[in-house]
Amino acid sequence: MLIGLLGTAATAACAQDSQSPAADNTTTQVIVKGEKRKATDRDVYEVDKDVQAADGTVADALNKVPGAAVDPAGNVTLRSRHVEIYVNGHPSLILAGDNRGAALRSMPSRYISSIEVISTPGAQFGPQGAGGIINLVTSHGLPEGRFGTVSATAQSTGGSTANAFLNWHIGKLTASGFLFYNRNISDTRSSQDLTPFDTAGRPLQTTQSQGISHSTMGGPNATANLEYELGGNDLLRGQAAFMQMDGRTVGVTRYAIHNGNGLPQSQYVNDNSGQSAMNTGTIGLGWTHYGKRPDETLKLDGTVSRRQSDFSFQDRYSDGQQGLNSTQNRSRTDTADITLDYNTTVGDDQLSTGLQWTGEREAARNSGTITAFDSAFDYKQSLTAAYIAYQKEFGDKWTVLGGLRSETLDLDTHLISANSSGHVTYTRLNPSFFATYVISPKARWRFSYAHRLQRPQPRDLNPYVIYIDATHVGAGNPRLRPQETGIFEAVYEHTDQANSYTLRGFYNRDDHLITASSIATTNSNGATIIRTTPINSGTAISSGIEVNTHRRLTPRLYVNGNITLQTMRAPNIGRPGTQSLTATSSSLGFGYTLSVKDNINFTLNTIGKRLTGQGYMSSFAMDNLFWSHSLTPKVQLTVTLSNMLRMAKTSFVTDSNVLRSVTTTSPQSPTLSISLSRSFSRFPKP
């Protein structure tokens, strides 16, 4: 289902804890390791099932997956490419958009049983997510009884998290509920050097800024699931979810402007504040029918959801600048989704086919003290899709999976403030192919190809100019086309009990690459204003090699290692030719069992430099140190220290013949978190 609960896996762990005292003395750190599976189109990484308590978040678990990274803002990438996050095979509204960062940093990692990395998604998945899909899988087949967990976390920043999970399974009925509250507090420092150039390449002026901001964001999230076995071959499902996120940010930015000769021209200060409120609600119903053939299922799922967002901010300037600017952005999005999937065996082969329809409406309103930025923008779109996939085995060595997906998009936009309308419609065919060759019970080759799309968001097509801050405005592009991506991979895997290693080669080609393009102008006071618009910039190519390994060196010590060498080439906006670079990303993790009650776990992720079309994003690193201690068989204490090395600073560089800009942000470091959790359970007597 669309809003699969990230909590069910905890119930299996709790069930094991209550029935087996030995489970209380097992390793308690989160371990992510590769495991050989029959899946042809994905890598599966297991989150250790012996974990008794939330000694890490879902973001921490994702950072242990080879090639994956969660940056300080909550953006998830796979080998430097943005991915979609699914839960149990479907997009999750809870982990979408502005929800993602807070949710990933709040949900305990033990609430998932495994992580599936689908770097070349096949026909059964929508084409969005050119960088791939990461699917979080929860557990099923739970024993009868009641069990759950409660936990609370306090952070050195002043933030806090509390969550509770309860599952009740009796007879044909399973009910589960998940509730968490997150309050995240952070301080961020930023700086920017901004220089526009004339046609001869001479600097017109330079604007330097230094800022500091303090933000608080949080709110409740509640999800409830019901499953009922209707007879022996049918399962009914019902789900509901609600998330609310409220935030406030205050900051001060100091600006200094120098003329083209480097002489001081003016200075001013911006005191800014912002408030945000967002809530999302979803309800869903589902039905699964199990046929007479092995693996024969018919699934019908439907969801409806509504998201409301209200964001406002105020900029107050000194020394003769714009004075007071106040802006408010409001939007409401309604979505309906219906999917029908059928899977069956054809002899020894597997056939999958399905239909999907998604409808969406949004109304967005922008208003403020600067009336030139007021706008009203509505859109409605429908997406109709059909797919077929067929898997066949050739002897004992080869397994081949081929698929084709057809999607038709129909989009209507209406810029009310300018009384103009637009219409976009197109159909795309997206083929995919996978092949696996088994060398031995321990080793295999996998080959894959998939065609993917990255569609512009409807608001990216809105040409109206939107105020961002004193030096930045933004606008959409009604002529923006979808970005089309071809993904090729060849993978060698070797697994030997507790040890494994993987060698992966990949090649990605992006056509009609969607890139942010910035130009510089000046306002009435002579200050530099940057206007950013998305464009289709051409073709980009990235390729490389990834090596990862998992080794248990001793019964108490394990080590995970990953290194990726990647070459990227992309259009150089504002300059002739292309830009290219070679970057290295890596990760290192180890866990050590100090005693039957104590464990220590450390991870370090380094993310290499990345091209952005008109410049690059600098490399950065993130580190986490965990210590977990079992106070009792059911009570766990966990201490986490993040960003000890203070390497999470990131820089975005724009470098063209008309503009050079360097923007740097540094999150507060390090951060200490202390959490306490308790599991409880009650099972019927045999």
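## Digging into the overall build of the chain
Across its full length, the chain carries three helices and 39 strands. In the chain, which comprises 686 residues, the share counted as buried stands at 50%. Sequence-distant contacts, at least 24 apart, represent 66% of the contacts inside the chain between residues at least 6 apart. Here the chain has roughly 29800 Å² of accessible surface; of this, 57% comes from carbon and sulfur atoms.

## Regarding the nonpolar core
Formed by 17 residues in total, the largest nonpolar core has its most connected members in L62, I115, I134 and L136. If you list the elements that add at least two residues to this core, you get α2 (58–62), β3 (68–70), β4 (76–78), β8 (114–118) and β9 (133–137). Broken down by element, this core gets its largest block of residues, four residues, from α2. When near neighbours in sequence (up to four residues on either side) are disregarded, I134 contacts L62, A68, V76, V83, E84, I85, Y86, I115 and E116. Within the second largest apolar cluster, eleven residues are counted, among which are Y255, Y268, F373 and I529.

## Focus on the packing of aromatic side chains
Each aromatic ring pair is summarised here by two numbers: the centre-to-centre distance and the angle between the ring planes. In total, this model carries 13 aromatic pairs according to the counting rule given. Between F373 and Y467, the aromatic rings sit 5.6 Å apart at their centres with planes inclined by 50°, giving tilted as the arrangement. With F373 in the loop between β18 (349–368) and β19 (375–394) and Y467 in strand β23 (residues 466–469), this residue pair connects regions lying 94 residues apart in the sequence. When sorted by exposure, F373 lands in the same class as Y467, which is buried. Each residue in the set W398, Y437, W445, F447, Y492 and Y501 is aromatic and connected to the rest through ring pairs, giving one cluster. When the ring centre of F394 is taken as origin, the NZ or CZ atom of K392, which lies over that ring, is 5.7 Å away. Directly above the aromatic system of Y616 lies the positively charged group of K609, at a separation of 4.0 Å from the ring centroid.

## Description of a nonpolar patch on the surface
A cluster of nonpolar side chains, namely Y228, L230, L236, W287, L300, I338, L340, L355 and W357, defines an oily patch on the protein surface of about 780 Å² accessible area. If you list the elements that add at least two residues to the nonpolar patch, you get β13 (205–230), β17 (324–346) and β18. With respect to the helices, strands and loops of the structure, I338 is situated in strand β17.

## Points about unusual backbone geometry
Phi is positive for N419, close to 50°, though the residue is something other than glycine. Topologically, N419 is positioned in the loop between β20 (398–415) and β21 (420–440). Residue classification places N419 among the exposed residues on the basis of a relative accessible area of 67%. Phi at N643 takes a positive value of approximately 55°, unusual for a residue other than glycine.

## Some details on the pattern of salt bridges
Taken as a whole and judged by the stated rule, the model has 18 salt bridges. Note that D334 and R332 form a salt bridge whose closest N and O atoms lie 3.5 Å from each other. Residue classification places R332 among the partly exposed residues on the basis of a relative accessible area of 37%. The residue R455 makes a salt bridge to E407 at a minimum N-O spacing of 2.3 Å. On the criterion of sequence distance, the pair formed by R455 in the loop between β22 (443–454) and β23 and E407 in strand β20 is long-range, its members being 48 residues apart. Relative accessible area serves as the criterion here: at 11%, R455 is assigned to the buried category. Through salt bridges that share partners, R306, R332 and D334 make up one connected network.

## Section: the side chain of N366
Note on placement: N366 falls in strand β18. The contact partners of N366, leaving out residues within four places of it in the chain, are Q328, N329, F373, D374, S375 and I466.

## So, the sheet that holds β23
For sheets, the rule is that strands pair by backbone hydrogen bonds, running either parallel or antiparallel. With mixed pairing, the four strands of this open sheet are ordered in space as β23-β24-β28-β27. The open sheet terminates on both sides in strands that have one partner only, identified here as β23 and β27 (514–522). With strand direction ignored, the average angle separating the axes of adjacent strands in the sheet is 30°. Where β27 meets strand β28 (residues 528–536), nine bridges bridge the pair, whose relative direction is antiparallel. Within β28, the residue paired with A516 across the bridge is P534.

## Thoughts on the pairing of β19
Within a regular strand, side chains alternate between the sheet's two faces. Here 17 bridges tie β18 to β19, and the two strands are oriented antiparallel to one another. Each bridged residue has a counterpart across the sheet, and for T353 the counterpart in β19 is I388. In sequence, β18 turns back onto β19 through a hairpin of six residues. By the bridge criterion, 18 bridges tie β19 to β20 in an arrangement that is antiparallel. Among the inter-strand pairings, L383 is bridged to a residue of β20, identified as L409.

## Focus: the confidence of the model for the chain
Taken as a whole, the chain shows an average pLDDT of 82; of its residues, 85% reach a score of 70 or greater. Taken together, the stretch residues 1–37 has pLDDT below 50 and engages in 143 contacts with residues farther than four places along the chain or on a different chain. pLDDT under 50 marks residues 49–55. Its contacts with residues more than four places away, or in other chains, come to 35 contacts.

## A few points about the environment of S542
For S542, the location among the structural elements is in strand β29 (residues 540–552). Sequence separation between S542 and R569 is 27 residues; the distance between their C-alpha atoms is 6.3 Å.

## Here's the deal with the environment of D598
Here D598 is to be found in strand β32 (residues 598–607). Considered as a pair, D598 and Q636 are 38 residues apart in the sequence and their alpha carbons are 10.0 Å apart.

Parameters and conventions
- Residues numbered from 1 in each chain as written.
- Predicted model: local features only at pLDDT ≥ 70, side-chain atom pairs only at ≥ 80, totals over all residues.
- Heavy atoms only, no water.
- Helix = DSSP H or I, 4+ residues; strand = E, 2+ residues; numbered from the N terminus.
- Buried < 20%, exposed > 50% of the residue type's maximum accessible area, 1.4 Å probe, protein only.
- Contact = heavy atoms within 4.5 Å.
- Areas by Shrake-Rupley, 256 points an atom, 1.4 Å probe, with all protein chains shown as cover.
- Core = buried A, V, L, I, M, F, W, Y, C linked by side-chain atoms within 4.5 Å.
- Phe/Tyr/Trp six-rings, centres within 6.5 Å; stacked < 30°, edge-to-face > 60°.
- Lys NZ or Arg CZ within 6 Å of the ring centre and 35° of its normal.
- Patch = residues over 30% accessible without salt bridge, like charges linked within 9 Å, V, L, I, M, F, W, Y side chains within 5 Å.
- Salt bridge = Lys/Arg side-chain N within 4 Å of Asp/Glu carboxyl O.
- Pairing = 2+ DSSP bridges.
- Axes fitted to C-alpha atoms, helices over the stretch in contact; angles between N-to-C directions.
- pLDDT = per-residue confidence, 0-100.

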